[in-house]
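Coordinate analysis (summary)
Now for the letters of each chain:
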Amino acid sequence: MDLQSQTSQNAENGGQVSVAVGNAAGSREFQKESAVLLSRGTHFENVFSREKPRVEEEKKTTKRISIFDGVITACLIALFAGLPLFFTGLTLQGLSFEKQIYFYFWILLAAVVWVSKGVVTGEMKIRKTPLDIPIALFWLAAGASLIFSVDKWHSFWGYFGDPSRGFMSITALVIAYYLVVSNFNQKRLGAILGFLIVADFVLALWTALGMMGAMTISAKLAQFVPLSPIGSLTGMGIFLGAMLPIVIVFIFNLFSEKCAYAKKIKITIATFLFTVLVLNLFVLLALYSFVSWAGVLIGVSFFLIYILAQIVRPAERWSWVPMAVFVSVLAFLIIGSNSIARVQLPVEVSPSIQLSFDIAKNSLKDNLLIGSGLATYGYDFSLYKPQYFNLNPYYNLRFFQATGIFFEALSTAGIVGTIALILLVLTFVSIGVYLLSVGKQKNKIYSLGLFSASLIVIVNAFIGKMEGSLIVLGILFASLTVATLLFESEAQDDYIALSLKASPKFALALAFVFMVVSASVVFLFIFVGKIYLADMRAGLAMRQEKITADGSVAKLAGAISWNNKESRYYTLLGQELMSLANEEALKSEQARNIGLIQDYLNNSIASVGQARDLAPKDVASLEALAQIYENSGLYVSDSLALAKESYEKALALEPHNPAYFVKIGQIEMAQASTKKTPEEAKALVGQAKDSFQKAIDKKKDLAVAHYQLALTQEALGDLDGAVKSTEQAAILERNNLNYVYNTARVHQARGNDEDNKIAEVIYKNILGRNDKEVNTLFSLGLLYEKTKRSSEAAVQYRKVLEILPQDNKDVRTKIEKMISNIGAGIENKPENLGADVAPIAPPEAVQVPADQSIDGVTAPIAPVLP
């Protein structure tokens, strides 16, 4: 082999060696790299193994959040659409109370879910709005009014029958406001308004059918089913009027370019919406006398102005809808009252604006800054109502809400609370007008509709009487309006973020706050639930036909065990026990249980006394206590004195109530009959006369006061005065047989020829209406005897015998003796009869009935208890 070939081979061998060495080096490098990659792969596997549960956890969290959001949406729909519809008819306090409890339930549930969502997401966002400061000021003013209230319990919870004015309700409404604005989105808005329109349709249809007499339900069910589920026909008018712009907005949106529904679906929905619109207008027309048209006209006009000015621009072919509604409202105002309704609609009364103003003005003299306390307008009304109110046919009513929330706020929350309220309302209105007027290109249709609806409610709140359900609905409308305005104006989102992701110290504190809030909500659920169950038991007691110890009384006692803060339950229990005592006292002497009567009376007095202690400024409790003492008679020592004292205390809380002066006078007359000396009796009769005269000074047309004054005048020997007073009483109440009879009797007692003629004419007129009126027959007989017509007198006495029961032997014997004396020519004088000649039931001893008939209409003399 030559050198070249060897060299070449060596070179090849060297090359092979080199390649081998290179391969060996590469193999080692590969192994190192493989080891690194393996280690990294293991790391990636660990990372992936850790990331996988985290992703799954995030999915679970997202799912939980979506559930929370769904529940919040359901709660808001239940609040907006369910509140107008909800009622049970099972409670004592009625619809406003039931709706308030309904509101509390859903707002508490929504609050729990909202807080829970914050815990899951690690933060809770509260939307900042332009109303924050006014809301805070009003809430603080309400708190100050609560602290210095004359009735702290009712200022906290709300008054009996309508708790909407209480501090608890105000706080819940503040929570509702922030719940709505902090959880707002367009999808949620559509769902809320859609269900609200369905609720509107149901209400309008329900009321229309009821008014037309087309809804037939059993009499038993009728006591649970109202004509207006809102609470009153006035409230129904406000609600239906406020819904007009909202329904129109939905029509606009349905035919806007953004709506992607198929044509058939659009036609179906449009048909439904126009049906709702027409039905609302029809019911408003039928309820013309109940509707506050100023609010409806202002709201619809505001809506139309923005459409005509093209600040808000619907599809052009539908711009005629708000014009048609506006023209319809004007036409209704021209038509006026009508008789569309086929059933008798209930009478709804409220204080006039002038009366509300006078009460507010008088109350500020004593409680200028913070008023008498939230939800205490009933106290202000009784104490500060002017005397001229006694000229009103409804003078004996007590009102617990003013006409105009402004006047009510002045009385109950004072200057401070009223200024805070006005600031809040003006801020809302100014923000609404400003945000609607700027950014014309954004076409804020929903904002315009909601703001117009809120405006209708606000106007009605300031010029009319607002029940609790409408106050809550009005605040909900305003909350949704603010949220929608901020959304459609594309205002910058600004939140207060309460985060669990902050520093551990802050996170721990916030977690503690969340726990406290959750525990508080649970407590409130139980608290509100007990109050509702208590009122259901009380309602069940009051619906029972017969009062029994183990029935209505036991149920009222059960209601008190659930809610021992409500004074009205104690008052009702006392009145029920008093009825049982009266029922037992009316039994025969052999069957009567004196010990049981005493127990009933003692428990009755104790129960109403507890009501007085719980609400010392509640005139109804004092009035009830006075009535129980007055009816206790011989079973309670010094009952008359205690009754008089209670009436005097009630008079201090209701100084212009003429009925209390009448009651005090009657008690003084009863006390006079127990005195041993004529001088003491005469002095008390004189006091009674003064009391009856004070009642007349308070109310000149109070027939019972004139009648009682006549009795005192007759007792004091002033027959001329007695004649004038009885005649005045009979003129004022011509249908009151007692007054007419006593007019004749007092004329007969005065006894001149003209008096005898007048008495005879009156007696015959009475017998022409009721020929079996035994007192009149007897008195006419005495008159005939006195005027020397003995045979005619005997005829009247025989008629008396025919009417008298056979077991009334003493009276029958007396009448037979009088007939016998006439036959023998003997004048019937006390010495010839062995007894005083007196009517069968002496009219002087007959007390005025609890109810007086005025032109055939029964109206209580004393102020009624709500």
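Quick note: structure is the one above.
What comes next is a walk through the structure. All values reported here derive from a predicted model rather than from experimental measurement. Residues take numbers from 1 onward in each chain, read along the sequence in its written order. Only residues with pLDDT of 70 or above have their local features reported here, since the model is predicted, and side-chain atom pairs are shown and tallied only from 80 upward, although totals for entire chains, interfaces and linings are computed over all residues. The basis for every side-chain value is the complete set of heavy atoms in the structure, and neither hydrogens nor water enter the calculation.

1. Re the overall build of the protein
Helix and strand counts for the protein stand at 32 helices and four strands. Residue burial is assigned from relative accessible area. The probe radius is 1.4 Å, only protein chains are included, and a residue is buried under 20% of its type maximum, exposed over 50%, and partly exposed in between. Within the protein, buried positions represent 49% of all 866 residues. We get accessible surface area from the Shrake-Rupley algorithm with a probe of 1.4 Å; when it comes to residues, only the shown protein chains can shield them. Taken as a whole, the protein presents about 40,700 Å² of accessible surface, with 61% of it coming from carbon and sulfur. Helix and strand labels come from DSSP, where a helix needs a run of H or I of at least four residues and a strand needs a run of E of at least two; each type is numbered from the N terminus.

2. Here's the deal with helix α9 (residues 263–286)
Between its first and last C-alpha, α9 extends 34 Å over 24 residues, near the 34 Å set by a 1.5 Å rise per residue. It only takes one pair of heavy atoms within 4.5 Å for two residues to be counted as in contact. Where α9 is buried, its residues contact α6 (186–211), α8 (233–254), α10 (293–308) and α11 (320–335). To estimate how far a helix should extend, the number of its residues minus one is multiplied by 1.5 Å.

3. So, unusual backbone geometry
Despite not being glycine, Asn-443 has its phi angle at roughly 50 degrees, a positive value. Considering the arrangement of structural elements, one finds Asn-443 in the loop between α14 (405–437) and α15 (445–463). Judged by relative accessible area, which is 22%, Asn-443 ranks as partly exposed. At Glu-490, a residue that is not glycine, the phi angle is positive and equals roughly 55 degrees. Counting through the fold element by element, Glu-490 comes out in the loop between α16 (468–488) and β2 (495–499).

4. Describing the nonpolar core
In globular proteins that are soluble, nonpolar side chains generally tend to be buried together. Membership of the largest hydrophobic core comes to 137 residues, with the highest contact counts inside it found for Phe-103, Phe-239 and Phe-477. With 16 residues, the single largest contributor to this core is α8. Those residues in contact with Phe-103, other than ones at most four positions away along the chain, are Leu-79, Leu-83, Ala-172, Leu-173, Ala-176 and Val-472. Here, nonpolar core means buried Ala, Val, Leu, Ile, Met, Phe, Trp, Tyr and Cys residues that are tied together by side-chain atoms lying within 4.5 Å of each other. Counting residues in hydrophobic clusters, the runner-up holds 97 residues, among them Val-636, Val-662, Tyr-741 and Val-811.

5. What about the pattern of salt bridges?
Salt bridge, as used here: a side-chain nitrogen of Lys or Arg that lies within 4 Å of a carboxyl oxygen of Asp or Glu. Scanning the model with the defined rule gives 21 salt bridges in all. Ionic pairing is found between Arg-165 and Glu-408, a salt bridge with its closest N-O pair at 2.9 Å. Taken together, the residues Arg-165 in the loop between α4 (152–157) and α5 (167–182) and Glu-408 in helix α14 connect sequence positions 243 residues apart. For Arg-165, a relative accessible area of 12% gives the class buried. The closest approach of N and O atoms between Glu-654 and Lys-385, which form a salt bridge, is 3.9 Å. Note that Glu-654 is positioned in the loop between α22 (639–653) and α23 (658–672) and Lys-385 in the loop between α13 (377–384) and α14, a separation of 269 residues in sequence.

6. Observations concerning the packing of aromatic side chains
The criterion for an aromatic pair is that two Phe, Tyr or Trp rings (for Trp, the six-membered ring) have centres within 6.5 Å, with stacked assigned to planes under 30 degrees apart, edge-to-face to planes over 60 apart and tilted to the rest. This structure, assessed with the given rule, holds 39 aromatic pairs. Taking 6.3 Å as the distance between ring centres and 15 degrees as the angle between the ring planes, the aromatic pair formed by Phe-252 and Phe-303 counts as stacked. With a gap of 51 residues between them, Phe-252 in helix α8 and Phe-303 in helix α10 connect regions that are remote in the sequence. You can call Phe-303 buried: its relative accessible area is 2%. Ring geometry for Phe-778 and Tyr-797: centres 5.9 Å apart, planes at 45 degrees, overall tilted.

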